[in-house]
2 protein chains.
Amino acid sequence: MTQSIRIGIVGYGNLGRGVETAIQKNPDMSLVGVFTRRAPDQLDTVDAATPVFSVADLNDFQDKIDVLILCGGSKDDLPKQTPEYAALFNTVDSFDTHAKIPEFYAAVDAAAAPAKKTALISVGWDPGLFSLNRLYAEAVLPDGETYTFWGKGLSQGHSDAVRRVEGVKAGVQYTLPSEKAMAEVRTGSRPTLATRDKHTRECYVVLEEGADAAVVEQAIKTMPNYFDEYETTVHFIDEDTLQREHQNMPHGGFVIRSGNTRPEHNQVIEYGLQLGDNPGFTSSVLVAYARAAYRMNQQGQYGAKTVFDVAPGLLSIKSPEQLRKEML
Amino acid sequence: MTQSIRIGIVGYGNLGRGVETAIQKNPDMSLVGVFTRRAPDQLDTVDAATPVFSVADLNDFQDKIDVLILCGGSKDDLPKQTPEYAALFNTVDSFDTHAKIPEFYAAVDAAAAPAKKTALISVGWDPGLFSLNRLYAEAVLPDGETYTFWGKGLSQGHSDAVRRVEGVKAGVQYTLPSEKAMAEVRTGSRPTLATRDKHTRECYVVLEEGADAAVVEQAIKTMPNYFDEYETTVHFIDEDTLQREHQNMPHGGFVIRSGNTRPEHNQVIEYGLQLGDNPGFTSSVLVAYARAAYRMNQQGQYGAKTVFDVAPGLLSIKSPEQLRKEML
């Protein structure tokens, strides 16, 4: 390695903290600093030595940063930030509003391409590694069906819904892949499955004093849109247990394609993630793709790009020779 | 699609037959013909309409073929054929002698690069899709350990070894991933496992008349190198059962990486293949990569390449716009 890849982080929530940590596991990278909208001296970084700057000063860092990792949210931050910063820096973001990816891509490409910058959008695991596996599996097994299952994962939206029920003091909701549906898919029978057939829901609830468990359970299980169409289990726990056992942010899931090369030959491809910490894993993916963004920019691949455009070798710290020798 | 990608097949064993079948599932491709060292009029193709030519006539097809898929063996055919044909055509092959890949790559690159041809080497599932998953998983989880398990798969070499035992009339051997070892890896404990710890062996044997089952079983289980270090099970069956239940060529396996983004956060990535027919699947992978070889050549990416060099989007029949909209 001749020179370290210099990274800047914009936004400092769970994702930004994860990126800060992940960079330390990649010896060919160095962290220039975290850029925040908050007062820089009030930011409590994972590593106290990490420099913190105001996001307003980013313009001064154009020569000091190779790739900017944008750690804001998909709803309010990235639609504005990525086009803005992709005109000045190579960027990586985790924009994950699937339906809006085409318009997001267009806006980012319009900013990055004329500036000769490389902007990798929608990086993470879904969109991201799951998307890659959907693509690879479909390309190598054109006659087949792909199924995506999510979980076991903490769902923020469904946890909020549970907490809005009268009598609920606190609680969380996990989405689980249905074992029955997964087993069916793995047989190669290519069943037709709606999202509700593929998942079950599990709630852990702390009751308000005097609340009736049966009434609360009924209210959750029959809640329209959120729970009524799913197989839902409700567990009642005390506050200590909630604190002790339900503070992590696990997630994951499966992409399974079942297809045929001849009618009598079933072929099944399965990809699965079992993540102890969802934002920490996404951050780690962002950092690997920052390496690719840097290299693609050096190769003259400008504009908005997705994981589909990234040759896998560009992600690795190892040289092409080493990869062929050790990993092929 | 403006124009179909024109494919030629060299070599017509299980792999060549699989490629012939797979092309029919890819509407943007057409098969120019099969090229054989045998007498062309004696070749019995899957589709009777498939043209068959002598391999000696290949030179006349330089303007008629976009990609040549080389379906010969890694031991004797490909080390000679790929460098020879990569000077004349874009090629895809499934060279799978892992230890010799660097020298094979060098020989193919020396032929293809000056001729401005693109030669994708070592395509299939291992090397191939498994290699990709080893690379992706290591890049996104640098702090971790990767494990490759093979099976359930028919092993030709071990089946031959079983059949050489005195008293054995016929038989087959399957290699299976050890459920115990896989479970251990999935916990995130990063155990140290030798190949023999990760696999078990299962034999299905038809005895010669008058042979002693106990003696045969003992001879198999204690055979040095092949079985003595493995947990081996021997099943005795009759010839009809062997014909009925053991004529398929299943294979597959798992690539599992277990790592950490923080010491307290285990993350597990798992990729698995469950193949009803090993050569048919490999053929299908070769055909998808033929599409990529054609596109890379049009982009000016010349020389020897591996799956690590291929941007995933190049494998798909879908346009980049469609991929972003439907699969990201």
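What counts and how
- Residues numbered from 1 in each chain as written.
- Chains lettered and ligands numbered in written order.
- Predicted model: local features only at pLDDT ≥ 70, side-chain atom pairs only at ≥ 80, totals over all residues.
- Heavy atoms only, no water.
- Helix = DSSP H or I, 4+ residues; strand = E, 2+ residues; numbered from the N terminus.
- Buried < 20%, exposed > 50% of the residue type's maximum accessible area, 1.4 Å probe, protein only.
- Contact = heavy atoms within 4.5 Å.
- Areas by Shrake-Rupley, 256 points an atom, 1.4 Å probe, with all protein chains shown as cover.
- Lys, Arg positive; Asp, Glu negative; His and termini not counted.
- Charge placed at Lys NZ, Arg CZ, Asp CG, Glu CD.
- UniProt positions renumbered as here; feature names shortened; annotations may be inferred.
- 1 Å grid on protein atoms, 1.4 Å probe; cavity = no way out; pocket = protein on both sides within 12 Å on 5 of 7 lines; lining within 4 Å.
- Polar contact = N/O pair within 3.5 Å; in protein donor to acceptor, adjacent residues only side chain to side chain.
- Phe/Tyr/Trp six-rings, centres within 6.5 Å; stacked < 30°, edge-to-face > 60°.
- Lys NZ or Arg CZ within 6 Å of the ring centre and 35° of its normal.
- Least-squares fit on C-alpha atoms with pLDDT ≥ 70 in both.
- Axes fitted to C-alpha atoms, helices over the stretch in contact; angles between N-to-C directions.
- Parallel < 35°, antiparallel > 145°, perpendicular 65-115°, else oblique.
- Nonpolar A, V, L, I, M, F, W, Y, C, P; charged D, E, K, R; others polar.
- Arc of directions from axis to C-beta.
- Buried area = accessible area lost by both parts, 1.4 Å probe.
- Salt bridge = Lys/Arg side-chain N within 4 Å of Asp/Glu carboxyl O.
- Domains from an automatic or database assignment.
- Pairing = 2+ DSSP bridges.
- Points joined across faces, edges and corners; volume = space filled by probe spheres on them.

Focus on the overall build of chain A
Right, on to step 1. Per the secondary structure count, chain A includes 11 helices and 14 strands.
Right, on to step 2. Taking the principal axes of the C-alpha coordinates as reference, chain A spans close to 60 × 60 × 35 Å.
Right, on to step 3. A total of 328 residues make up chain A; the buried ones form 57% of that total.
Right, on to step 4. Pairs at least 24 apart in sequence give 68% of the contacts found in chain A among residues at least 6 apart.
Right, on to step 5. Of the roughly 13900 Å² of accessible surface on chain A, a fraction of 46% belongs to carbon and sulfur atoms.
Right, on to step 6. One way to put it: in chain A the 32 positive side-chain charges average out to a point 6 Å from where the 43 negative ones average out.

Here we look at the UniProt feature "binding site: substrate" (unreviewed entry) in chain A
Residue and element names in this part refer to chain A.
Right, on to step 1. Under the local residue numbering, the UniProt record ascribes the feature "binding site: substrate" (unreviewed entry) to Trp 150, Thr 175, Arg 201, His 251 and Asn 278. Of the annotated set named above, Trp 150, Thr 175, Arg 201, His 251 and Asn 278 line the largest pocket.
Right, on to step 2. Here Trp 150 lies in strand 7 (residues 144-150).
Right, on to step 3. Discounting chain neighbours no more than four positions away, the residues touching Trp 150 are Trp 125, Asp 126, Phe 130, Thr 175, Leu 176, Pro 177, His 199, His 251, Gly 252 and Gly 253.
Right, on to step 4. A distance of 3.0 Å separates the side chain of Trp 150 from the side chain of Asp 126, its partner in a polar contact.
Right, on to step 5. Positionally, Asn 278 belongs in helix 10 (residues 278-298).
Right, on to step 6. Contacts of Asn 278, omitting those with residues within four sequence positions, involve Trp 125, Met 249 and His 251.

Topic: the packing of aromatic side chains
Two measures describe an aromatic ring pair: the distance that separates the ring centres and the angle between the ring planes.
Right, on to step 1. With the rule as written, the count across this model stands at 15 aromatic pairs over all chains.
Right, on to step 2. Arranged with centres 6.1 Å apart and planes meeting at 80 degrees, the rings of Phe 130 of chain A and Tyr 271 of chain A form a pair that is edge-to-face. A residue pair is termed long-range when its members are at least 10 positions apart, and Phe 130 of chain A in helix 4 (residues 129-140) and Tyr 271 of chain A in strand 13 (residues 265-275) qualify at 141 residues. The two residues Phe 130 of chain A and Tyr 271 of chain A agree in class, both being buried.
Right, on to step 3. Summarising the aromatic geometry, the rings of Phe 35 of chain B and Phe 61 of chain B are spaced 4.9 Å apart at their centres and angled 80 degrees between planes, so their arrangement reads as edge-to-face. Taken together, the residues Phe 35 of chain B in strand 2 (residues 29-36) and Phe 61 of chain B in the loop between strand 3 (52-54) and strand 4 (67-70) connect sequence positions 26 residues apart. Here the two residues Phe 35 of chain B and Phe 61 of chain B agree in accessibility, since each one is buried.
Right, on to step 4. An aromatic cluster is defined as three or more aromatic residues linked by ring pairs; in this entry it consists of Phe 35, Phe 53 and Phe 61 of chain A.
Right, on to step 5. Across the ring face of Tyr 230 of chain A, the terminal group of Arg 201 of chain A is positioned such that the distance to the ring centre comes to 4.1 Å.
Right, on to step 6. Positioned over the ring face of Phe 61 of chain B is Lys 64 of chain B, at 5.5 Å from the centre of the ring.

Some thoughts on the relation of the copies chain A and chain B
A rotation about some axis, followed by a shift along it, carries one copy of the chain onto the other.
Right, on to step 1. Placing chain A over chain B gives an RMSD of 0.0 Å and needs a rotation angle of 180 degrees, together with 0.0 Å of translation along the axis. Viewed as a symmetry operation, the transformation between the two copies matches a two-fold axis.
Right, on to step 2. A shared binding surface is used by both copies, with 100% of the interface residues of chain A retained as interface residues in chain B.

Comments concerning the packing of helix 4 of chain A against helix 10 (residues 278-298) of chain B
Right, on to step 1. It is the contact of helix 4 of chain A with helix 10 of chain B, at a shortest axis distance of 8 Å, that shows an interaxial angle of 105 degrees. On the basis of the axis angle, helix 4 of chain A is roughly perpendicular to helix 10 of chain B. Together, Tyr 136, Ala 139 and Val 140 of chain A of helix 4 of chain A and Phe 281, Ser 284, Val 285, Ala 288 and Tyr 289 of chain B of helix 10 of chain B make up the contact between the two elements.
Right, on to step 2. Split into classes, the residues belonging to the contact of helix 4 of chain A with helix 10 of chain B amount to seven nonpolar, one polar and no charged.

A short note on helix 5 (residues 156-163) of chain A
All names here are of chain A.
Right, on to step 1. Listing the buried residues of helix 5 in full gives His 158, Ser 159, Ala 161 and Val 162. The arc that holds every buried residue of helix 5, seen down its axis, measures 155 degrees, which confines them to one face.
Right, on to step 2. Contact partners of the buried residues in helix 5: strand 8 (153-154), strand 9 (168-177), strand 10 (199-207) and helix 8 (213-221).

Describing the interface of chain A and chain B
Right, on to step 1. In this assembly, 65 residues from chain A lie in contact with 65 residues from chain B.
Right, on to step 2. The largest share of the area that chain A buries against chain B comes from Arg 324, Met 327 and Leu 328 of chain A, three residues that together contribute 14% of it.
Right, on to step 3. Here Asp 143 of chain A makes a salt bridge to Lys 25 of chain B, at a shortest N to O gap of 2.7 Å.
Right, on to step 4. Elements represented by at least two residues in the side of chain A that touches chain B include exactly helix 3 (101-112), helix 4, strand 12 (251-262), strand 13, helix 10 and helix 11 (320-326) of chain A.
Right, on to step 5. With 11 residues, strand 13 of chain A is the largest single contributor of residues to the side of chain A that touches chain B.
Right, on to step 6. Here the residues of the side of chain A that touches chain B are counted per class, giving 31 nonpolar, 21 polar and 13 charged.

Some remarks on the pattern of salt bridges
Right, on to step 1. Per the counting criterion, the structure on display carries 34 salt bridges over all chains.
Right, on to step 2. Through salt bridges with shared partners, a single network forms among Lys 25 of chain A together with Asp 143 and Arg 190 of chain B.

Some points on the domain arrangement of chain A
All names here are of chain A.
Right, on to step 1. On domain assignment, one finds that chain A holds domain 1 (5-124 + 279-327) and domain 2 (129-277).
Right, on to step 2. The C-alpha centroid of domain 2 is placed 30 Å from the C-alpha centroid of domain 1.
Right, on to step 3. Of all residues in domain 1, Pro 279, Phe 281 and Phe 308 give up the largest surface area on contact with domain 2, accounting jointly for 54% of the area buried on that side.
Right, on to step 4. If you look at where domain 1 meets domain 2, you find zero salt bridges.

A short note on the sheet that holds strand 3 (residues 52-54) of chain A
All names here are of chain A.
Right, on to step 1. With parallel pairing, the seven strands of this open sheet are ordered in space as 3-2-1-4-5-6-14. Each edge of the open sheet carries a strand with a single partner, namely strand 3 and strand 14 (303-305). Across the sheet, the mean angle separating the axes of adjacent strands is 25 degrees when strand polarity is ignored.
Right, on to step 2. Of the pairings in the sheet, the one linking strand 1 (residues 5-10) to strand 4 (residues 67-70) comprises four bridges and is parallel in character. Bridging across to strand 4, Val 10 finds its partner in Leu 70.
Right, on to step 3. Sheet strands touched by helix 3: strand 5 (90-93), strand 6 (118-120) and strand 14. Its angle to strand 14, the strand with the most contacts, is close to 140 degrees.
Right, on to step 4. Along the sheet, helix 10 makes contact with strand 1, strand 2 (29-36), strand 4, strand 5, strand 6 and strand 14, crossing strand 5 at roughly 150 degrees.

Let's talk about the layout of surface pockets
Residues and elements named next belong to chain A.
Right, on to step 1. Quantified by volume, the largest pocket comes out at close to 1200 Å³.
Right, on to step 2. Taken together, 33 residues line the largest pocket, and the ones lying closest to its centre are Asp 96, Trp 125, Leu 154, His 251 and Asn 278.
Right, on to step 3. Mapped onto the lining of the largest pocket, the elements with two or more residues apiece are helix 1 (14-23), strand 8, helix 5, strand 10 and helix 10.
Right, on to step 4. Class assignment of the residues belonging to the lining of the largest pocket gives a composition of 11 nonpolar, 19 polar and three charged.
Right, on to step 5. Residue-level mapping places the lining of the largest pocket at the junction of two domains, with at least three residues from each of domain 1 (5-124 + 279-327) and domain 2 (129-277).

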